[in-house]
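Residue-level structure breakdown
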Number of protein chains: 2
Amino acid sequence: MAYRLNPLFEPKSVAVVGATDDASKLGFHVMKSLTIHPFRGTLIPINPNRAEVMGISTASSLTHVSGEIDLAVVVVPAQSVLEVFRECVARKVKGIVLITAGFKEIDDPSGGALQDELAALANSANIPVIGPNTFGIVNRHVDLNASFTPEFSLVEEGSISLVSQSGGIAHLMSFLSIRSDIKLSKIVGLGNHLNLDFADMIDYLIEDPYTSVIVMYMEGVETPRRIVQTAQKCGKRKPILAWKSGSASVSNIASKSHTGSLAGSKELYEGAFRQANILSFDSSESILDAAKAFSACPIPRSSTVAVLTSQAGPGMVGADVCEAEGIRLAQFSAKTQRRIDELLPPMSMRNNPVDMGPIWYNSQATKEMIDSVMKDENVGGILLFIMFASANRELVKGISDLLIDLHQPKPVITCISAPPGTWDAEINELEMAGAVSNYASPERAARAISVLCKYHVLLQTDH
Amino acid sequence: MAYRLNPLFEPKSVAVVGATDDASKLGFHVMKSLTIHPFRGTLIPINPNRAEVMGISTASSLTHVSGEIDLAVVVVPAQSVLEVFRECVARKVKGIVLITAGFKEIDDPSGGALQDELAALANSANIPVIGPNTFGIVNRHVDLNASFTPEFSLVEEGSISLVSQSGGIAHLMSFLSIRSDIKLSKIVGLGNHLNLDFADMIDYLIEDPYTSVIVMYMEGVETPRRIVQTAQKCGKRKPILAWKSGSASVSNIASKSHTGSLAGSKELYEGAFRQANILSFDSSESILDAAKAFSACPIPRSSTVAVLTSQAGPGMVGADVCEAEGIRLAQFSAKTQRRIDELLPPMSMRNNPVDMGPIWYNSQATKEMIDSVMKDENVGGILLFIMFASANRELVKGISDLLIDLHQPKPVITCISAPPGTWDAEINELEMAGAVSNYASPERAARAISVLCKYHVLLQTDH
């Protein structure tokens, strides 16, 4: 099953049925997505009325294309889709992205009937279909942007794959990713899931070597049980993160008219997620923050956290969040505590959190402290907080070689915060080297490490 | 009392005791703060060993300054501070910012004793003192940056005043403000509060015409009752927002060694805040988000929200958050609902949330919809969500004149989200015109409008 989706996400040839130079049509934006940051395979615009679109020679229909077609992106009006599907079957197309809307999500029952007919046809020919009623799909590893949003290509290439039931939320999370340097592998808009749903995507992404974390935004699905079974079968091989909306009482009505599915009870889903070892989230930023930590950091080997901070306040705040999330602060070994006590003056916070403020001018001492805490077997992961002040300008540079060379299999989650332009390069260097995962606030950093710790616990448990 | 603090925050002359050209000393950074974005009054560096500091003529001590001194910023070692205070009294200095650390927060009891002696001296002469153990104060309205962080001057001038017991958290929140275009009036580091604490700051800022919202970060105070009484006395004239850290069991120990105060029970503080009509928060981003909404938007006249969205998903998410926060979605009047039903095709979400997606190419229809919802008496405030897509590129421009000209006394809280560089100018124009307050995600926007609604309820209640 999983391999059946390869031609969808790694096609050698893409045909765009409904390609056009008319900017008021979605077929224009799809062509822009595939040409601005150009798709590296064969691109065939299908348009019976034009010899070329965006300077590329067209075919008048799929039937008139000479070579193989791996992926057909379909963006013609709903009433023309059935005919296009028949051509796809005839041409042995290996995958379809059906962007067109107007099926199961509309009031008119003919929409649902048409979708059923398309599903029967695609299933009989074993063609996987993303959509209908979707923005499309993106695979950053092969420069495939088969969506109506060229700007998805601004997302940096990474190992987080995003599967969304809502186009709006997929756009939101992609823009947040661009702004926060969160790197994505695939962006998938499931739409009305004609014959592919979350379970199929888990199946595929678990095997996908480019994906290390799976992030799902969900409104409602017909078959939550399939998701549970698929995720269980995957046996905790990769972290699966889910954000289920639709807790509001208005949402069932809203969801029905949106993607044709009922939103369903939040509690029911939360129970299912627990059974399936899926981690549950309630906001775009919290799920992306956690995904970033998973993609950048090792899983802690114990669920205990050390808080090292260059100012006391952020350390207290970080400790607050860890405790609220049920994560224990580490009790340092006698050896580590002794070393800290030697390095810090008596007036400091010297247990955990540790206030490194008094020695911030001394990067050697700071490094020794981080190093001894890092090596302490009682410590599963480290929260490191540094708020810029004019007098500690050199601090991050002073400790970055240590952080980069540590090679300890422990997560280092940071909030290194500074005005724009200050420390951006240093933070980027640390993140590029895989040394840290940095967050906008100590609270968000502490929530991210708490998720890593919870995943450690989940890996230890039997089911 | 309140007016006594005017010379602190709006001094005509500032003396820096401990000014130096030596970049390893805090006295250097304080001078940088006062000169890079130059203080517009008289600046007198005090240094007995140098004729000038940063090109400005020094005096050898406060005693040798000829004119009046409104504010003395003191940044000499702890053992020299008593002598400086005696000079301040002799010179009738009107306010002191005592940056030096090493008083009540240290283990050695001599630190507390020295602080008590300084307090007695300052109180006898009726001199208000910020600190000790503080980064200082900033007042953006008079270009006063009396702190050791020149970068505070990058904060844009606005009406949110920030009072923090932690230097680290004040820096964090200022950097977050710079990055999110949140505009501040004053930034105050209370430190060990020699003779000024949160109650005094509330007293002052309630009267301050440049402050419309008071934001406090608190770890622990000796006299929570004074805060309650002061806030009650202020009679809901301005929103007062507080974030109290120290819920973690480690925090009492941490706080004691940090600012010399016990953190105290979170529950106790929450109860006190309720009595005092102080709104309570638990993170830097949530308290800043709310402060931004208060500074930019009118308070809703009913606590009901309309959700208008250009994509269904964000609307559902916004509805989720409102319901979780206990805020009701508005039921539109028959007239409004009729207008929406005329404008939208039957297949859409047409109640509340309203999915404006089907008409996003039609800015006239979109405007009519926003306008009719805005005028609906059942609607207290509006959440407006627009996620960029290539095909709706003109949407924000198309509705911005309506939003700017509305002049309805209702808050419009938005999440208009796009890749960096896209719509930045449009969003900025809307915010500068006071038409909307924009947030990074629908969840954060929904939490912000929920706080406005809760404040409306608070204004309606009797105590």
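Structure: see above.
So, how was this worked out
- Residues numbered from 1 in each chain as written.
- Chains lettered and ligands numbered in written order.
- Predicted model: local features only at pLDDT ≥ 70, side-chain atom pairs only at ≥ 80, totals over all residues.
- Heavy atoms only, no water.
- Helix = DSSP H or I, 4+ residues; strand = E, 2+ residues; numbered from the N terminus.
- Rg over C-alpha atoms; globule rule 2.2 N^0.38 Å.
- Buried < 20%, exposed > 50% of the residue type's maximum accessible area, 1.4 Å probe, protein only.
- Contact = heavy atoms within 4.5 Å.
- Lys, Arg positive; Asp, Glu negative; His and termini not counted.
- Charge placed at Lys NZ, Arg CZ, Asp CG, Glu CD.
- Least-squares fit on C-alpha atoms with pLDDT ≥ 70 in both.
- Phe/Tyr/Trp six-rings, centres within 6.5 Å; stacked < 30°, edge-to-face > 60°.
- Lys NZ or Arg CZ within 6 Å of the ring centre and 35° of its normal.

Let's talk about the overall build of chain A
- Within chain A, the secondary structure is distributed over 16 helices and 20 strands.
- Its C-alpha atoms give chain A a radius of gyration of 25 Å, near enough to 23 Å, the size a compact globule of 463 residues would have.
- Taken along the three principal axes of its C-alpha coordinates, chain A extends 80 × 45 × 35 Å.
- Taken across its 463 residues, chain A has 64% of its residues classed as buried.
- Taking the contacts inside chain A whose residues are at least 6 apart along the sequence as the reference set, 76% of them involve residues at least 24 apart.
- Side chains of chain A carry 40 positive and 49 negative charges; the gap between the two charge centres is 3 Å.

Section: the relation of the copies chain B and chain A
- The two copies are related by a screw operation: chain B maps onto chain A through 180° of rotation and 0.0 Å of translation along the axis, at an RMSD of 0.0 Å. Taken together, the rotation and translation describe the operation of a two-fold axis.
- In this assembly, 100% of the residues forming the interface of chain B have copies in chain A that are likewise at the interface, indicating an isologous arrangement.

Looking at the packing of aromatic side chains
- Across all of its chains, the model carries 14 aromatic pairs over all chains by this definition.
- Here the aromatic rings of Phe135(A) and Phe152(A) are separated by 5.2 Å at their centres, their planes lie at 50°, and the arrangement is tilted. One end of the pair, Phe135(A), is in the loop between strand S7 (129-130) and strand S8 (136-139); the other, Phe152(A), is in the loop between strand S9 (144-147) and strand S10 (157-164), with 17 residues separating them in the sequence. For the pair Phe135(A) and Phe152(A), a shared accessibility class is recorded, and that class is buried.
- Note on Tyr217(B) and Trp243(B): the rings are 4.9 Å apart at their centroids and 70° apart in plane angle, and the pair reads as edge-to-face. Residue Tyr217(B) is found in strand S12 (residues 213-218), and its partner Trp243(B) is found in strand S13 (residues 240-244); the two are separated by 26 residues along the sequence.
- Classification of Tyr217(B) as buried rests on a relative accessible area of 0%.
- On the basis of relative accessibility, which here comes to 2%, the residue Trp243(B) falls in the buried class.
- Here the aromatic residues Phe175(A), Phe388(B) and Trp423(B) are joined through ring pairs into a cluster of three or more.
- The positively charged end of Lys292(B) is found above the aromatic ring belonging to Tyr439(B), 5.2 Å away from the centroid.

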